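Given next are the chains, with one letter for each unit.
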Amino acid sequence: MYNLGLVTIVIIAANVVISFKGFKDRLFFEKYKFNIGNIRRGEQIRIFSSGFLHVDTTHLLFNMITLYFFADAVIVELGQFNFIIIYLVSLIFGNLLSLYFHKEEYWYSAVGASGAVTGILYAAILLRPDMSLYMFFIPIPIPGYIFGIGYLLYSIYGMKNRIGNIGHDAHFGGAIGGYVVTLLLMPSLFITDLGHIGLLAIPIVVLFVLYKTGKLN
């Protein structure tokens with residue numbers, strides 16, 4: 001794991017180049033960021049372009065480091081082309097979920113590759129559920145599937161309570177994209193790892209139930 005393959009380099013380079021263009025050119029940033037009002041007026045390109053813009057270098061660095069750590073697990077299992085599919089579908093699905101939940105908030109704006117990166121993270125966990133992950137404040141390894149479930153449950157909590165200046169819904173949508181596309185690309189997981197598939201679906205079911213019962217907001 002942690003090899004910096006060509007496709008990962010290209011995606012990181014695209015994020016760096018476009019993000020730095022946005023740092024220096026405010027008009028460019030405003031033209032291509034995710035914004036509900038402009039998207040509903042027909043500028044759908046923002047659903048895609050916003051995924052390559054970032055607020056600052058810290059935001060960019062965090063997303064690209066996370067991508068670096070999890071990209072190889074997906075590429076090794078599914079190949080570079082399928083990796084790109086998961087990345088792009090997760091990016092778009094994350095922003096579509098944000099659009100759905102914030103459709104009446106015309107002022108709502110966001111940027112970042114977080115949806116795409118979370119999709120890759122969730123795909124990697126689905127493919128290798130027993131991978132060990134470490135967190136700064138927990139000195140013991142955490143199984144990947146436990147981390148994935150906890151992360152999405154926290155995202156639901158963040159969506160419900162509007163915690164921080166974070167697009168929790170984009171993270172969640174990206175994870176759903178990564179989860180669904182990975183299963184479509186490797187249906188054999190339903191035979192070899194049905195238990196982890198079910199466990200990783202728990203937060204998705206919880207979100208659906210909360211939404212249907214009107215308890216999400």
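Here, every reference points to the structure presented above.
For the structure given in this document, a descriptive report is provided here. Source: prediction; values computed, not measured. (Residues numbered from 1 in each chain as written. Predicted model: local features only at pLDDT ≥ 70, side-chain atom pairs only at ≥ 80, totals over all residues. Heavy atoms only, no water.)

## As for the environment of Gly 119
Tracing the chain through its elements places Gly 119 in helix α7 (residues 114–127). Along the chain, Gly 119 and Thr 182 lie 63 residues apart, while their C-alpha atoms are 9.4 Å from each other. Each residue touching Gly 119, except ones within four places of it in the same chain, is listed here: Ile 86, Ser 90, Gly 174, Ala 175 and Gly 178. (Helix = DSSP H or I, 4+ residues; strand = E, 2+ residues; numbered from the N terminus. Contact = heavy atoms within 4.5 Å.)

## Notes on the nonpolar core
Counting residues in hydrophobic clusters, the biggest one holds 51 residues, and the most contacted among them are Leu 67, Val 74, Phe 83 and Tyr 87. Among the elements of the structure, α1 (6–24), α5 (57–78), α6 (80–101), α7, α8 (144–161), α9 (168–185) and α11 (194–212) are those that each provide at least two residues to this core. Apart from the residues lying within four places of it in its own chain, the contact partners of Phe 83 are Val 7, Ile 11, Leu 67, Ala 71, Val 74, Ile 75 and Ile 120. Of all hydrophobic cores here, the second largest spans 6 residues; its members include Ile 36, Ile 47, Leu 99 and Tyr 108. (Core = buried A, V, L, I, M, F, W, Y, C linked by side-chain atoms within 4.5 Å. Buried < 20%, exposed > 50% of the residue type's maximum accessible area, 1.4 Å probe, protein only.)

## Quick notes on the packing of α5 against α7
The N-to-C vectors of α5 and α7 enclose an angle of 35°; their axes lie 8 Å apart at closest approach. Crossing of α5 over α7 shows left-handed handedness. Contact residues: α5 offers His 59, Asn 63, Thr 66, Leu 67, Phe 70, Ala 71, Ala 73, Val 74, Glu 77 and Leu 78, while α7 offers Ser 114, Val 117, Ile 120, Leu 121, Ala 123, Ala 124 and Leu 127. Residues that form the contact of α5 with α7 fall into these classes: 12 nonpolar, 4 polar and 1 charged. (Axes fitted to C-alpha atoms, helices over the stretch in contact; angles between N-to-C directions. Left-handed = near helix turned anticlockwise from the far one by under 90°. Nonpolar A, V, L, I, M, F, W, Y, C, P; charged D, E, K, R; others polar.)

## Things to note about the environment of Ala 170
Tracing the sequence through the fold places Ala 170 in helix α9. When the C-alpha positions of Ala 170 and Phe 93 are compared, they lie 7.7 Å apart, and in sequence the two are 77 residues distant. With near-sequence residues (within four places) excluded, Ala 170 lies in contact with Gly 94, Ser 98 and Gly 115.

## Considerations on empty space enclosed by the protein
The full count for this structure, using the stated rule, is 1 cavity of 30 Å³ or more. When its volume is computed, the largest cavity comes out at roughly 40 Å³. If you trace the largest cavity, you find it lined by Leu 91, Gly 94, Asn 95, Gly 112, Ala 113, Gly 115, Ala 116 and Ala 170. Contributing elements (two or more residues each) for the lining of the largest cavity: α6 and α7. (1 Å grid on protein atoms, 1.4 Å probe; cavity = no way out; pocket = protein on both sides within 12 Å on 5 of 7 lines; lining within 4 Å. Points joined across faces, edges and corners; volume = space filled by probe spheres on them.)

## Quick word on the packing of aromatic side chains
Between two aromatic rings, the relevant description is the distance of the centres plus the angle of the planes. All chains considered together, the criterion is met by 7 aromatic pairs. Measuring from ring centre to ring centre gives 5.3 Å for Phe 48 and Phe 52, while their planes differ by 55°; the resulting arrangement is tilted. Residue Phe 48 is classed as partly exposed on the basis of its relative accessible area, which comes to 35%. Seen from their ring centres, Tyr 122 and Tyr 179 are 6.1 Å apart, and the 55° between their planes marks the pair as tilted. Of the two residues, Tyr 122 sits in helix α7 while Tyr 179 sits in helix α9, which places them 57 residues apart along the sequence. (Phe/Tyr/Trp six-rings, centres within 6.5 Å; stacked < 30°, edge-to-face > 60°.)

## Observations regarding the pattern of salt bridges
Pairs can form between side chains of opposite charge once their charged atoms are near each other. Using the criterion set out here, one finds 6 salt bridges in the structure. Of the charged contacts in the structure, one is a salt bridge between Lys 21 and Asp 25, with a shortest N-O distance of 3.3 Å. For Lys 21, a relative accessible area of 39% puts it in the partly exposed group. Owing to a relative accessible area of 25%, Asp 25 belongs among the partly exposed residues under this scheme. (Salt bridge = Lys/Arg side-chain N within 4 Å of Asp/Glu carboxyl O.)

## Quick notes on the packing of α5 against α6
Contact geometry for α5 and α6: axes closest at 8 Å, N-to-C directions at 130°. Considering the angle they form, α5 stands oblique to α6. When you trace α5 past α6, the crossing you get is right-handed. Contacts from Leu 67, Ala 71, Val 74, Ile 75 and Leu 78 in α5 reach Gln 80, Asn 82, Phe 83, Ile 86 and Tyr 87 in α6. Here the contact of α5 with α6 is built from residues that sort into 8 nonpolar, 2 polar and no charged. (Parallel < 35°, antiparallel > 145°, perpendicular 65-115°, else oblique.)

## Things to note about a nonpolar patch on the surface
On the surface, Ile 45, Phe 48, Val 89, Ile 92, Phe 93 and Leu 96 cluster together to form a nonpolar patch covering roughly 460 Å² of accessible area. Elements with a minimum of two residues in the nonpolar patch: α4 (45–49) and α6. The element best represented in the nonpolar patch is α6, accounting for 4 residues. Here Leu 96 lies in helix α6. (Patch = residues over 30% accessible without salt bridge, like charges linked within 9 Å, V, L, I, M, F, W, Y side chains within 5 Å. Areas by Shrake-Rupley, 256 points an atom, 1.4 Å probe, with all protein chains shown as cover.)

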